[in-house]
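Spelled out from the first residue to the last, the chains are:
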Amino acid sequence: MIPFDYQRAEDTRSAVATVTARPGAAFLGAGTNLVDHLKLGVAAPDLLVDVSHLPFDMIEPLAGGGVRIGATVRNSDLAVDPVIRQRYPMVSAALLSGASGQLRNVATTAGNLMQRTRCPYFQDVTTPCNKRRPGSGCSALEGYHRDHAILGASRHCVAVHPSDLAVALTALGAVVQVEGVKGARSIPIIDLYRLPDDAPQHDTVLEHGELITAVDLPALPMATRSTYRKVRDRASYAFALVSVAAAVDVERGTVRDVRVALGGVAHKPWRARRAEEALRGAPATDDAFRAAAEAELAGARPLRDNAFKVPMARNTIVATLRELTRREEP
Amino acid sequence: MDVEIGLRVDGEPHRLVVDTRTTLLDAMRERLGITSPKKGCDHGQCGACTVLLDGRRATTCLALAVAHDGAEIVTAAGLADGERLHPIQQALLDHDGLQCGYCTPGQVCSAVGMLAEAEAGWPSHVTADLSGAVELTDEEIAERMSGNLCRCGAYANIVAAIREAVR
């Protein structure tokens, strides 16, 4: 690990100015991913600006009925918040399906969103990886890639985004509040994350030095009927092979509105807009759910060893929507 | 870069100068001689380094010491009341909830933290109703303890010990 300086941020403005002015600087939250990267040599910042104590630890109502989640709210505290549990159960369920109790107790909301892929080549500095070292090549294309992307990948990178929370937030249409030296901006989470294209070193559209301060959830009454289903190799404490966040509004057997996002399938949390379009106005039946899932997955381009994810994603979408709509009927 | 920090571990105050690269785990083990928290994977995956950090269970291998100036830490060694073991510790002994024992201090701290979380009504991944009451079934205990690996495979007895301690 190369030596680095450490500063505890006094306020947002100075933290943002400090990191922006120093190319080798990075923000530090709880460090549950970054400290691992320091050990592995994946990240080598020369300055850490600790933002975990900035006053963003609140979950507050927004005018218009939404909820603002502060960037430093810990994953455990967010998962168990009574308002989140009741109004956005998919957010609680997503968080509770990730990591372990002791990691969730420290990991922050913004840190969860900014965590990086667990692609083994990204984490192994002895191997080529375009995300870690642009232009060095992608070892996963012909190597180990059963955990990797089936949607939206490029020949430069087939990694998947690891966050469960981000999948739920993508289904909800959350908006990320960002502070930079040029001021604040709001970024819909669907636009925060990038597909790899030819620049997989960039997970998000954030500029160096921009800091997430909060995540806003829209009012979205249908989210009270929402959930998160995660399929993985072991029962707990593992990343998703495939996951589905969904909310559905059904009236007399017909889907009035629906939100679906997929995890474990792409470089970003994947909003399943084709499936949503196919479902609006459709009967709430397994056949319709399957047809919608297949419409979404028609664009899937699996690799040699991850074709299993296509039927797995289809079946998980169907199972999740079935679970929600069975509960829906009184 | 060296920074002076203060830590309170098992009731004892300590002041020390650490390199910014030092984890909380290494600060305790290598600098303060507090070896109850164990270094297993050193990547946050095994839970052997779990302590109660400012009252909540947390891994210490992924925490930078410099970021935890002023922290209050309780290790498994600090949970006993003199010669009287904490009920979780006693239950692990009574149920053979260990073989080599290397993961045990982490298991103990994790179990103590987990019971407080359940007491506070926190649901888990396997809780059917997110807003309902929490009943610590074996399935709930296993899920909530999944951040602590045991290479000897004493899981069945660890679950039994925690089940017993809950009563």
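Since the model is a prediction, treat every value here as computed from it, not as a measurement. (Residues numbered from 1 in each chain as written. Chains lettered and ligands numbered in written order. Predicted model: local features only at pLDDT ≥ 70, side-chain atom pairs only at ≥ 80, totals over all residues. Heavy atoms only, no water.)

*Asks:* Break down the sheet that holds strand E12 (residues 270-271) of chain A for me, citing the residues and quoting the values.
*Replies:* Residue and element names in this part refer to chain A. Strand order in the open sheet formed by four strands is E9-E10-E11-E12, with antiparallel pairing between adjacent strands. If you trace the sheet from one side to the other, it starts and ends with strand E9 (226-231) and E12, each paired once. In this structure, strand E11 (residues 254-263) lies alongside E12, joined through two bridges in antiparallel fashion. When the sheet's bridge partners are listed, Leu-262 is paired in E12 with Trp-270. On the sheet, helix H8 (residues 165-172) packs against E9, strand E10 (242-251), E11 and E12 and is oriented at approximately 150° with respect to E11. (Pairing = 2+ DSSP bridges. Helix = DSSP H or I, 4+ residues; strand = E, 2+ residues; numbered from the N terminus. Contact = heavy atoms within 4.5 Å. Axes fitted to C-alpha atoms, helices over the stretch in contact; angles between N-to-C directions.)

*Asks:* A description of the pattern of salt bridges should follow, citing residues and the corresponding values.
*Replies:* Applying the stated criterion across every chain yields a total of 31 salt bridges over all chains. For Arg68(A), the salt bridge goes to Asp216(A), with nearest N and O atoms at 2.8 Å. One end of the pair, Arg68(A), is in strand E5 (residues 67-70); the other, Asp216(A), is in strand E8 (residues 211-217), with 148 residues separating them in the sequence. The partly exposed category is assigned to Arg68(A), whose relative accessible area is 29%. The partner of Glu4(B) in a salt bridge is Arg15(B), and the shortest N-O contact between them spans 2.7 Å. One end of the pair, Glu4(B), is in strand E1 (residues 2-9); the other, Arg15(B), is in strand E2 (residues 12-19), and 11 residues separate them in sequence. Residue Arg15(B) is classed as exposed on the basis of its relative accessible area of 57%. What you see here is one network of salt bridges that share partners, running through Lys39(A), Asp26(B), Lys39(B) and Asp42(B). (Salt bridge = Lys/Arg side-chain N within 4 Å of Asp/Glu carboxyl O. Buried < 20%, exposed > 50% of the residue type's maximum accessible area, 1.4 Å probe, protein only.)

*Asks:* If you had to explain the side chain of Asp203(A) to someone new, which residues and values would you point to?
*Replies:* All names here are of chain A. The residue Asp-203 is located in the loop between helix H9 (189-192) and E8 in this model. By relative accessible area, Asp-203 is classed as buried at 11%. At a separation of 2.6 Å, a polar atom in the side chain of Asp-203 contacts the side chain of Lys-131. If sequence neighbours within four positions are ignored, Asp-203 has contacts with Gln-115, Arg-116, Lys-131, Leu-192, Tyr-193, Arg-194 and His-267. (Polar contact = N/O pair within 3.5 Å; in protein donor to acceptor, adjacent residues only side chain to side chain.)

*Asks:* Give a description of the domain arrangement of chain B that names residues and reports values.
*Replies:* Reports often express the size of an interface as the amount of accessible area lost when the parts come together. All names here are of chain B. Parsing chain B into structural domains produces domain 1 (2-78) and domain 2 (87-166). The gap between the C-alpha centroids of domain 1 and domain 2 is 22 Å. Taken together, the contact between domain 1 and domain 2 spans 16 residues of the former and 16 residues of the latter. Overall, the association of domain 1 and domain 2 removes approximately 1200 Å² of surface from exposure, summing both partners, and the carbon and sulfur fraction of that is 55%. For domain 1, the biggest contributors to the area lost against domain 2 are Lys-38, Arg-57 and Ala-76; these three give 45% of the whole. Of the charged contacts in the structure, one is a salt bridge between Glu-117 and Arg-57, with a shortest N-O distance of 2.8 Å. Counting the contacts that link domain 1 with domain 2 gives eight residue pairs in polar contact (both at pLDDT 80 or more). (Domains from an automatic or database assignment. Buried area = accessible area lost by both parts, 1.4 Å probe.)

*Asks:* An account of a nonpolar patch on the surface is needed here, citing residue identities and associated values.
*Replies:* Taken together, the side chains of Leu85(B), Leu93(B) and Leu98(B) make up a nonpolar region of the molecular surface, amounting to roughly 230 Å² of accessible area. Mapped onto the elements of the fold, Leu93(B) is located in helix H2 (residues 87-94). (Patch = residues over 30% accessible without salt bridge, like charges linked within 9 Å, V, L, I, M, F, W, Y side chains within 5 Å. Areas by Shrake-Rupley, 256 points an atom, 1.4 Å probe, with all protein chains shown as cover.)

*Asks:* Explain the nonpolar core to me, and be specific about the residues and the numbers.
*Replies:* When a protein is soluble and globular, its nonpolar side chains tend to lie buried together. Residues and elements named next belong to chain A. Membership of the largest hydrophobic core comes to 54 residues, with the highest contact counts inside it found for Val-91, Leu-113, Leu-169 and Leu-217. Top element by residues in this core is H8. It accounts for seven residues. The two domains that each donate at least three residues to this core are domain 1 (5-49) and domain 2 (227-328). Each residue touching Leu-217, except ones within four places of it in the same chain, is listed here: Leu-62, Gly-66, Val-67, Ile-69, Ile-84, Tyr-88, Leu-169, Leu-172 and Ala-174. (Core = buried A, V, L, I, M, F, W, Y, C linked by side-chain atoms within 4.5 Å.)

*Asks:* Now, about the interface of chain B and chain A: what can you tell me, with residues and values included?
*Replies:* Listed per partner, the contact involves 32 residues of chain B and 37 residues of chain A. Carbon and sulfur atoms supply 56% of the area that chain B and chain A bury against each other, a total of about 3000 Å² over both sides. At the boundary of chain B and chain A, one finds two salt bridges. Asp42(B) is the partner of Lys39(A) in a salt bridge, and the nearest nitrogen-oxygen pair spans 2.8 Å.

*Asks:* How would you summarise the UniProt feature "domain: FAD-binding PCMH-type" (unreviewed entry) in chain A if you had to cite specific residues and measurements?
*Replies:* Following the UniProt record, the feature "domain: FAD-binding PCMH-type" (unreviewed entry) maps to residues 1-222 of chain A here. End-to-end, the C-alpha atoms of residues 1-222 of chain A are 48 Å apart, and along that stretch the chain is 27% helix and 17% strand. (UniProt positions renumbered as here; feature names shortened; annotations may be inferred.)

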